[in-house]
Every structure is written in structure tokens, then in C-alpha cells.
Amino acid sequence: FFKNHRKDFLELYGLPPGAFDIPFQVFYNEIFKKQFIPQQVGFLKGWWPHRHASNVLVLHFSDMKKDHTGCVKRISDFIGVNLDEEETKRVLDYTSF
């Protein structure tokens, strides 16, 4: 997977080309700690104050893995969409991990 999607992965996380072609310690200190972590923390810092707003739904990936069906239900309730059993099954199939 990674071999075929390396460029997409780097772009998705804002990492420079060649980020994985350097020694791990250099990658960790120069890219992961200085770029990736601040980017992710900045994202969370930006949304965290809004987590209780009526138009924001915060889900944790581990919760989606533990209770996929329950999270789909939470999302559909949040956006005001009533899914029947067949629609729920299709959504679960399309969003499986």
C-alpha cells in the first residue's frame, strides 16, 4: 500500500517529498516533531473550543473502530438523516475500516 501511495500520504500530511528517504532520527526530529505534530495539535486546538457547539460533532477514530454502527447512527442523527436498515448497511459497507 505505502509503496503505491507514498506521494498521496506525504501530500495528505503536508510532509515534504523524500521525507522517508532520510534516516529515521532525522525524520523524527526535523519533520515529525517540527511539522507533523504542530499541524495536528493546531488542528485540535482550533476545533476543541467548538466541541460543544450544536453544529459540531467530534468523533474519535477508536470509537468509530469499536462501534462503527453506533457512530454511523450518531452521524445520521447529527445531520438529520433517518437511515433505514438497507441504507445503514450500505453506509457501513462504504465506510468500513
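No experiment lies behind these values; they were computed from the predicted model shown.

A.B. asks: I'd like a description of the environment of Asn82, backed by residues and values.
C.D. replies: Assignment of secondary structure puts Asn82 in the loop between α4 (68-79) and α5 (85-94). Using a relative accessible area of 72% as the deciding quantity, one classes Asn82 as exposed. Placed 33 residues apart in sequence, Asn82 and Pro49 show a C-alpha to C-alpha distance of 29 Å.

A.B. asks: With reference to specific residues and values, describe the packing of aromatic side chains.
C.D. replies: Inspection of the entire model under this criterion finds five aromatic pairs. Measuring from centroid to centroid gives 6.5 Å for Phe27 and Phe32, while their planes differ by 40 degrees, and the two rings are tilted. Here the aromatic rings of Phe32 and Phe36 are separated by 5.2 Å at their centres, their planes lie at 25 degrees, and the arrangement is stacked. Here Phe36 and Phe32 lie together in helix α2 (residues 24-47), a separation of four residues that amounts to about one turn. A relative accessible area of 17% places Phe36 in the buried class. By the ring-pair criterion, three or more aromatic residues cluster together here, those being Phe24, Phe27, Tyr28, Phe32 and Phe36.

Reading the values: rules and limits
- Residues numbered from 1 in each chain as written.
- Predicted model: local features only at pLDDT ≥ 70, side-chain atom pairs only at ≥ 80, totals over all residues.
- Heavy atoms only, no water.
- Helix = DSSP H or I, 4+ residues; strand = E, 2+ residues; numbered from the N terminus.
- Buried < 20%, exposed > 50% of the residue type's maximum accessible area, 1.4 Å probe, protein only.
- Phe/Tyr/Trp six-rings, centres within 6.5 Å; stacked < 30°, edge-to-face > 60°.

By themselves, these figures tell us nothing about what the structure is for.
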